[in-house]
Amino acid sequence: MKRSFWKYWMLWSAPLVLFFLTACISRNENYEKTYPELITHFANCGIKVDSVTPLAYYLAQAESGYALKIGPREVGIYKYNQERKKQNFRYRLVEDSGVLYINGKKFKALLNGCFVMIDFDTHPDQEKIVKAFESF
């Protein structure tokens, strides 16, 4: 009887363990993707990135950040490592509020996995940029 109990217990606990493992994997969704891949994706969507300059990512409590010049304006893109406590906290604030505060200035923010894009809402090609960013 005991052997049968453990057999069923293992059988029913396996899906539960797999569920938790997949939840942990998706926590840092698209983290393995890079900025060059993002720029290539933008180019494939018909958006020409003229230049890339680094941002002071630590002000946004992110892992990295770059400003992409698209046409006459720039958009900022930050990458967050959600395995780090402070970065995850800031990312969750952005996720809940839809804005990113940098030095007290409020920016409307759009999330895609671990990436956060700001300064897109006043860009002349806003619709095209948002569509490309969301499909990355």
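Overview of the structure. (Residues numbered from 1 in each chain as written. Predicted model: local features only at pLDDT ≥ 70, side-chain atom pairs only at ≥ 80, totals over all residues. Heavy atoms only, no water.)

Moving on: the overall build of the chain. Of the regular secondary structure elements, the chain holds four helices and six strands. Listed N to C, the secondary structure of the chain is α-α-β-β-β-α-β-β-β-α in terms of helices and strands. Contacts in the chain between residues far apart in sequence, at least 24 positions, make up 46% of those at least 6 positions apart. As displayed, the chain offers around 9000 Å² of accessible surface, 60% of which is attributable to carbon and sulfur atoms. (Helix = DSSP H or I, 4+ residues; strand = E, 2+ residues; numbered from the N terminus. Contact = heavy atoms within 4.5 Å. Areas by Shrake-Rupley, 256 points an atom, 1.4 Å probe, with all protein chains shown as cover.)

Across all of its chains, the model carries three salt bridges by this definition. For the salt bridge of Asp119 with Arg73, the shortest nitrogen-to-oxygen distance reads 3.9 Å. Note that Asp119 is positioned in the loop between β6 (115-118) and α4 (126-134) and Arg73 in strand β3 (residues 73-79), a separation of 46 residues in sequence. Take Asp119: its relative accessible area is 26%, and that puts it in the partly exposed class. (Salt bridge = Lys/Arg side-chain N within 4 Å of Asp/Glu carboxyl O. Buried < 20%, exposed > 50% of the residue type's maximum accessible area, 1.4 Å probe, protein only.)

Of the strand pairs in this sheet, strand β4 (residues 99-102) and strand β5 (residues 105-112) are connected by four bridges, and their pairing is antiparallel. Residue pairing in the sheet places Leu100 in a bridge with Phe107 of β5. In this antiparallel pair of consecutive strands, β4 and β5, the connection spans two residues, and Asn103 shows a positive phi of 50°. The turn joining β5 and β6, which pair antiparallel and follow one another in sequence, is formed by two residues; a positive phi near 65° is taken by Gly113. (Pairing = 2+ DSSP bridges.)

In this section: the nonpolar core. Counting 19 residues, the largest nonpolar core has Phe42, Ile77, Met117 and Phe133 as the members making the most contacts within it. Within the residue set of this core, elements represented by two or more residues are α2 (35-44), β2 (64-70), β3, β6 and α4. The residues contacting Phe42, other than those within four sequence positions of it, are Ile47, Val49, Leu68, Ile70, Ile77, Ile129, Ala132 and Phe133. Counting residues in each nonpolar core, the second largest holds 12 residues, with Tyr80, Val94, Phe107 and Ala109 among its members. (Core = buried A, V, L, I, M, F, W, Y, C linked by side-chain atoms within 4.5 Å.)

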